[in-house]
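# Coordinates in review
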Amino acid sequence: MGVSGSGKSTVGAAIAQRLRVPFADADDFHPPENIAKMAAGRPLDDHDRQPWLETLGGWLAEHQATGAVLSCSALKRSYRDLLHSRTHGLRLLHLSGTPEVVEARLAARAGHFMPSSLLRSQFATLEPLAPDEQGTTIDIDQDIDAIVERYLANENLSPNLSPNLISKESA
């Protein structure tokens, strides 16, 4: 989980590869209306996100037995609670960074529908992991391999243990 540009897709794909489980990017599940809204510089609201989150929860539930990794912004606790309600054993990875670090990453990214102008609204919406949420927060100001290794070690995960994971990044 995390704001756009925090590395959710890259880190999520790397974790999935290490654990040998399926990976999905939540951005790929957005309906065309959501993409058009974000591309026009308008942030999504809870109404926009609800059907998208339901679809993501369904995808996680379909992969419950084998485990999977999903990169998703999951900015609010209520969004994460909805995903938790669809699958058991969900573990969260909050990719946390300063606005300056994330802005620099977004400036270097090409071809994504999410404009950097929406970053401020994402930071305003973001609710960091609460103490009672099962997950880990890792600073993104380090290389991808270090983030992946730290997460796998913190969660005591190996390729033989494949829980459902969610890596936050998408809108």
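Structure first, text after, so check above.
Cut-offs used in this document
- Residues numbered from 1 in each chain as written.
- Predicted model: local features only at pLDDT ≥ 70, side-chain atom pairs only at ≥ 80, totals over all residues.
- Heavy atoms only, no water.
- Helix = DSSP H or I, 4+ residues; strand = E, 2+ residues; numbered from the N terminus.
- Buried < 20%, exposed > 50% of the residue type's maximum accessible area, 1.4 Å probe, protein only.
- Contact = heavy atoms within 4.5 Å.
- Areas by Shrake-Rupley, 256 points an atom, 1.4 Å probe, with all protein chains shown as cover.
- Axes fitted to C-alpha atoms, helices over the stretch in contact; angles between N-to-C directions.
- Parallel < 35°, antiparallel > 145°, perpendicular 65-115°, else oblique.
- Left-handed = near helix turned anticlockwise from the far one by under 90°.
- Nonpolar A, V, L, I, M, F, W, Y, C, P; charged D, E, K, R; others polar.
- Arc of directions from axis to C-beta.
- Pairing = 2+ DSSP bridges.
- Salt bridge = Lys/Arg side-chain N within 4 Å of Asp/Glu carboxyl O.
- Polar contact = N/O pair within 3.5 Å; in protein donor to acceptor, adjacent residues only side chain to side chain.

Another point: the overall build of the protein. Each helix and strand counted, the protein has seven helices and five strands in total. Listing every helix and strand of the protein by position from the N terminus yields α-β-α-α-β-α-β-α-α-β-α-β. In the protein, which comprises 171 residues, the share counted as buried stands at 47%. Partitioning the intrachain contacts of the protein with sequence separation of at least 6 by distance along the chain shows that 81% fall at a separation of at least 24. Accessible surface, the protein: about 7,800 Å² in total, of which carbon and sulfur atoms supply 51%.

Closest axis-to-axis distance for the helix 1 (residues 8–19)/helix 7 (residues 144–154) pair is 10 Å, and the angle between their directions is 55°. It follows that helix 1 is oblique to helix 7 by the angle criterion. Crossing of helix 1 over helix 7 shows right-handed handedness. In contact with Thr10, Val11, Ala14, Ile15, Arg18 and Leu19 of helix 1, helix 7 contributes Ile144, Ile147, Val148, Glu149, Tyr151 and Leu152. Residues of the contact of helix 1 with helix 7, tallied by class, amount to nine nonpolar, one polar and two charged.

Those residues of helix 2 (residues 32–39) that sit buried are Asn34, Lys37 and Met38. Buried residues along helix 2 cover an arc of 95° about the axis, so they all sit on one side. Next to the buried residues of helix 2 lie helix 3 (46–62). Backbone geometry just downstream of helix 2 places Gly41 in the positive-phi region, at approximately 85°.

Of the two faces of strand 2 (residues 68–71), the one lined by Ala68 and Leu70 and the one lined by Val69 and Ser71 are each fully buried. Where strand 1 (residues 23–25) lies against strand 2, three bridges are found, and the strand directions are parallel. Note that in strand 2 the partner of Phe23 across the bridge is Val69.

Time to look at the pattern of salt bridges. Applying the stated rule across the entire model yields 10 salt bridges. Its salt-bridge partner being Lys76, residue Asp46 comes within 3.1 Å of it at the nearest N-O pair. Separated by 30 residues along the polypeptide, Asp46 in helix 3 and Lys76 in the loop between strand 2 and helix 4 (77–86) bring together distant segments of the chain. A salt bridge links Glu133 to Arg77; the shortest N-O distance between them is 3.7 Å. Of this pair, Glu133 sits in the loop between helix 6 (119–125) and strand 4 (135–139) while Arg77 sits in helix 4, and the two are 56 residues apart along the sequence. Each member of the salt-bridge network shares a partner with another, and the members are Arg77, Arg80, Asp81, Asp132 and Glu133.

Time to look at helix 7. All of the buried residues in helix 7 are Ile147, Val148, Tyr151 and Leu152. In a view along the axis of helix 7, the buried residues occupy a sector of 125°, so they form one face of it. Summarising the geometry of helix 7, the exposed residues directed more than 90 degrees from the buried face are Asp145 and Ala153. Where helix 7 begins, the capping side chain belongs to Asp143, and its oxygen is found 3.2 Å from the backbone nitrogen of Asp145. Directly after helix 7, the chain includes Asn156, whose backbone phi takes a positive value near 55°.

Residues other than glycine seldom take positive phi values, yet Arg20 does so here, at roughly 60°. Looking at the element boundaries, Arg20 is found in the loop between helix 1 and strand 1. Given the relative accessible area of 64%, Arg20 is considered exposed. A positive phi angle is found at Ala74, which is not glycine, with a value near 40°. Within the secondary structure layout, Ala74 lies in the loop between strand 2 and helix 4. Ala74 gets classed as buried once you look at its relative accessible area, which sits at 0%.

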